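Secondary and tertiary structure notes
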Amino acid sequence: MLAKLALRNVRRQMSNYFVYFMTVILTVALLFALCNMIFSPQLNLDAESNSGMKNGLMGLIAFVFVIVTFVLGYAASFLLKFRKQEFGMYLTLGMTRNNILLIFLTETLIMGIVALGTGILLGLFFYQGMVAIMMKLMQLELTFASYSAKGLLVTIGLVIAIFLLSAFTSFVYLEVVNIYDLLHGAQKSEKKSRHPKVWVFIMAASLLIMTEAAMDFIRLIEIQYSSSKGNLDTKIMLDLLIMAIALIFLHIGVAKSLIPFLFKKKTFCGRGTNTFTLRQLSGTLSVNSVMVGLMAFLLTAAIFISNGAFFLKILERTGHERSNPFDVTYVENNDTDRKTDQAILPEQAEPIIDNYAKIEKRCTYTTYRDETNELAEPLDTWYEKNVLYVCTNISQSDFNALCRALGYPTVNLDGRFLVVTNSTLAAETDYSSVTLHFGSKDYPYGGKREGQSPLPDSIYTVVPDEAVESLEGQEKKVVYVLEQKQYDAEGLQEDLTYHYTYTDEYGENTNDTCDYWLKEMDRQVRDSEIAIFIIGALYIGIVFLLMVMAILALKIMSGLTEDKRRYRMLSCLGVSEGEQRQTLLRQTASFFFQPLILPVLSSVPMGWLFGRLLQLHGCAGQVGEMYLTTFLIALVTTILYLLYFIAIYQIAKRTVVQKTKC
């Protein structure tokens, strides 16, 4: 009997709150997809080299678990509010509290099972899509991803825990509440906003504080990335916290002050059904002001995190190209603990490299260190001169040979020196007063070259060949250009790795090392590391968006019964069906889009901030790409939000709008 009653209640709730339950199902599907990614044999996250990615995904699951549990707990409590009379009637008819709790528990389990089953079916497709994105980011061959029993079991356990924990507060409430509160609790009227002028002040103060914190945040970020003066992480996190709190209070202030302000506009209230719309929104916005602020915070966080992930992707891609101008780089061993005959020399390595990718070009060059470091004199602090700024010298002939190998323009120094760098610090420094002294000759400043550098990401001075004769050699390198850019880099690195023995105070030891730096291997490592950030950011963004839309759907659809009664009164007063639709559209859109406006507008300063950070990293050419990415993220978020709103509005319109007059 109780089971049948619980099943009937579930059917009714799923019918009334279909969009909300579909959102929950989509969240379960994403959770299933992420759990399967952790145990995916294609991604091989169990390997020691990928342990960081696995730990990151597991941490992401834990974070999402907490967020989803909180949101669904709030939703369960909210739904309970609209079922107080129902449960009070059960007690009046003679049911015990244990019967009520059993009904509620059965309903929770049924909804959990339905959400789990449907979510897993959708998750089968979501998982393939997420793996495809991951493998695309890692530039791996796209194949069908097999499913994991471990991933399925973890998903089942998490979903059961989420539904039980989210219903816990409702269990406790039903255990202690009395019959009177259940029967009459729903009759309490919504509280109207009091002291609107105070809330206007709070709104203005929140906007001012948020703006000031944002400007300070940008200033601190610029200092952190340009000169690294001290540890500013604590101040940066404090600014973020202040912005988050101010954002929430800003929305609370708007919600509690806007409607009273509009009520005073007689001309506005006298138009059509504006007064009716304002009265509909008055209680809704005031009561839900805190939740609107929290939803705005979630959306802002989703957009910021998504932008941050793609910023890191652009930065990593640029850093990879700068750090690896050549496909293979050999650095001569200068470690006295290693014997020369143990190393794999270039003559031995070249046939091995040819087995993986044919060698197209080969160059040899030497770098030199100038202990006087005269080029650092224009800099200000000891940290800049001795930590951030390390200058290496290279001869003109070696530099031009490297340029020809990569198709870059060569240089003619004419007795001067040239600064070659991708460093922002060096790019912004004026060297016109610097003169280098090598041997018995002086070499004045001859200009600066930014970009198209055949040297790894650092600061170099290209000097005439005779200048290096008085300098001590630092490193000897052999670099290669390969015909094939993608190959089995892991296999090649393994073949170029050798064992060597050395003796220390503890006796003789054996170690493995490789004197060859592979561009393809570096790409694979960087791609695997950044892929987790992008997948994680997109996942968090989508989950946050789904949670926000779930709450909005629940809020709007739970009030449809009362709205239907009120719109019937409008119909009796002679308001046409078309005017009712317009009124409902204004009412629904005003509540639905309030949490979205500021997060989308914040994309403008976000794009500027990330663009500025790229400039500070010497990536001015990628700023346009960052602006486009920021715009697309805001656009996609808005489109998804709009589609969800259209679905909610269509359901509300069919339920609320009256087609016939009284």
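Quick note: structure is the one above.
Presented here is an overview of the structure given in this document. (Residues numbered from 1 in each chain as written. Predicted model: local features only at pLDDT ≥ 70, side-chain atom pairs only at ≥ 80, totals over all residues. Heavy atoms only, no water.)

What to know about the overall build of the protein chain
Scanning the protein chain from N- to C-terminus turns up 23 helices and 11 strands. Looking at the protein chain as a whole, 50% of its 662 residues are labelled buried. Long-range contacts, defined here as pairs at least 24 residues apart, represent 83% of the contacts in the protein chain between residues at least 6 apart. (Helix = DSSP H or I, 4+ residues; strand = E, 2+ residues; numbered from the N terminus. Buried < 20%, exposed > 50% of the residue type's maximum accessible area, 1.4 Å probe, protein only. Contact = heavy atoms within 4.5 Å.)

Section: a nonpolar patch on the surface
A cluster of nonpolar side chains, namely Leu628, Phe631, Leu632, Leu635, Val636, Ile639, Leu640, Leu642, Leu643 and Ile646, defines an oily patch on the protein surface of about 880 Å² accessible area. With respect to the helices and strands, Leu632 occurs in helix H23 (residues 623–656). (Patch = residues over 30% accessible without salt bridge, like charges linked within 9 Å, V, L, I, M, F, W, Y side chains within 5 Å. Areas by Shrake-Rupley, 256 points an atom, 1.4 Å probe, with all protein chains shown as cover. Salt bridge = Lys/Arg side-chain N within 4 Å of Asp/Glu carboxyl O.)

Some remarks on the nonpolar core
Formed by 89 residues in total, the largest nonpolar core has its most connected members in Tyr20, Leu31, Leu34, Met37, Tyr539, Phe592 and Tyr641. With 19 residues, the top contributor of residues to this core is helix H19 (residues 519–558). Ile218, Ala246, Leu250 and Val623 belong to the second-largest nonpolar core, a separate cluster that totals 22 residues. (Core = buried A, V, L, I, M, F, W, Y, C linked by side-chain atoms within 4.5 Å.)

Details of the packing of helix H10 (residues 233–263) against helix H21 (residues 577–601)
Closest axis-to-axis distance for the H10/H21 pair is 11 Å, and the angle between their directions is 135°. With respect to each other, H10 and H21 are oriented oblique. As for the relative orientation of H10 and H21, their crossing is right-handed in sense. Of the residues in H21, those touching H10 at Leu247, Leu250, His251, Val254 and Ala255 are Gln594, Pro595 and Leu598. Partitioned by chemical class, the residues of the contact of H10 with H21 number 6 nonpolar, 2 polar and no charged. (Axes fitted to C-alpha atoms, helices over the stretch in contact; angles between N-to-C directions. Parallel < 35°, antiparallel > 145°, perpendicular 65-115°, else oblique. Left-handed = near helix turned anticlockwise from the far one by under 90°. Nonpolar A, V, L, I, M, F, W, Y, C, P; charged D, E, K, R; others polar.)

A short note on the packing of aromatic side chains
Taken as a whole, this structure holds 13 aromatic pairs when the rule is applied. Geometrically, the ring pair formed by Phe592 and Phe645 is tilted, given 5.5 Å between the ring centres and 50° between the ring planes. Here Phe645 lies in helix H23 and Phe592 lies in helix H21, a separation of 53 residues in the sequence. Of the two residues examined, Phe592 and Phe645, each falls in the buried class. (Phe/Tyr/Trp six-rings, centres within 6.5 Å; stacked < 30°, edge-to-face > 60°.)

Concerning a negative patch on the surface
On the surface, Asp488, Glu490, Glu494 and Asp495 cluster together to form a negatively charged patch. Examined against the element boundaries, Glu490 turns out to sit in helix H18 (residues 489–495). A relative accessible area of 53% means that Glu490 is categorised as exposed. (Lys, Arg positive; Asp, Glu negative; His and termini not counted. Charge placed at Lys NZ, Arg CZ, Asp CG, Glu CD.)

Focus: helix H14 (residues 346–356)
Considered for burial, the residues of H14 that qualify are Pro346, Ala349, Glu350 and Ile353. Down the axis of H14, the smallest arc covering the buried residues is 110°, so these residues share one side. For H14, the exposed residues lying more than 90 degrees away from the buried face are Glu347 and Asn355. The inward-facing, buried residues of H14 contact strand S1 (328–331), strand S2 (359–369), strand S8 (472–482), H18 and strand S11 (516–518). (Arc of directions from axis to C-beta.)

Remarks on the pairing of strand S4 (residues 417–421)
Residues in a regular strand project their side chains so that they alternate between the two faces of the sheet. Counting buried residues along S4, 5 of its 5 residues qualify, which places the element largely inside the surrounding structure. Burial along S4 is two-sided: Phe417, Val419 and Thr421 facing one way and Leu418 and Val420 facing the other are all buried. By the bridge criterion, 4 bridges tie S4 to strand S6 (residues 441–450) in an arrangement that is parallel. The residue of S6 that forms the bridge with Val419 is Lys448. (Pairing = 2+ DSSP bridges.)

Considerations on the side chain of Thr629
As for its position among the elements, Thr629 is in helix H23. Taking the relative accessible area as the measure of exposure, Thr629 reaches 15% and is therefore buried. Side-chain polar atoms of Thr629 contact the backbone oxygen of Glu625, separated by 2.9 Å. Beyond its immediate stretch of four places on either side in the chain, Thr629 contacts Asn307 and Phe310. (Polar contact = N/O pair within 3.5 Å; in protein donor to acceptor, adjacent residues only side chain to side chain.)

Don't take any of this as a statement about function, it's just geometry.
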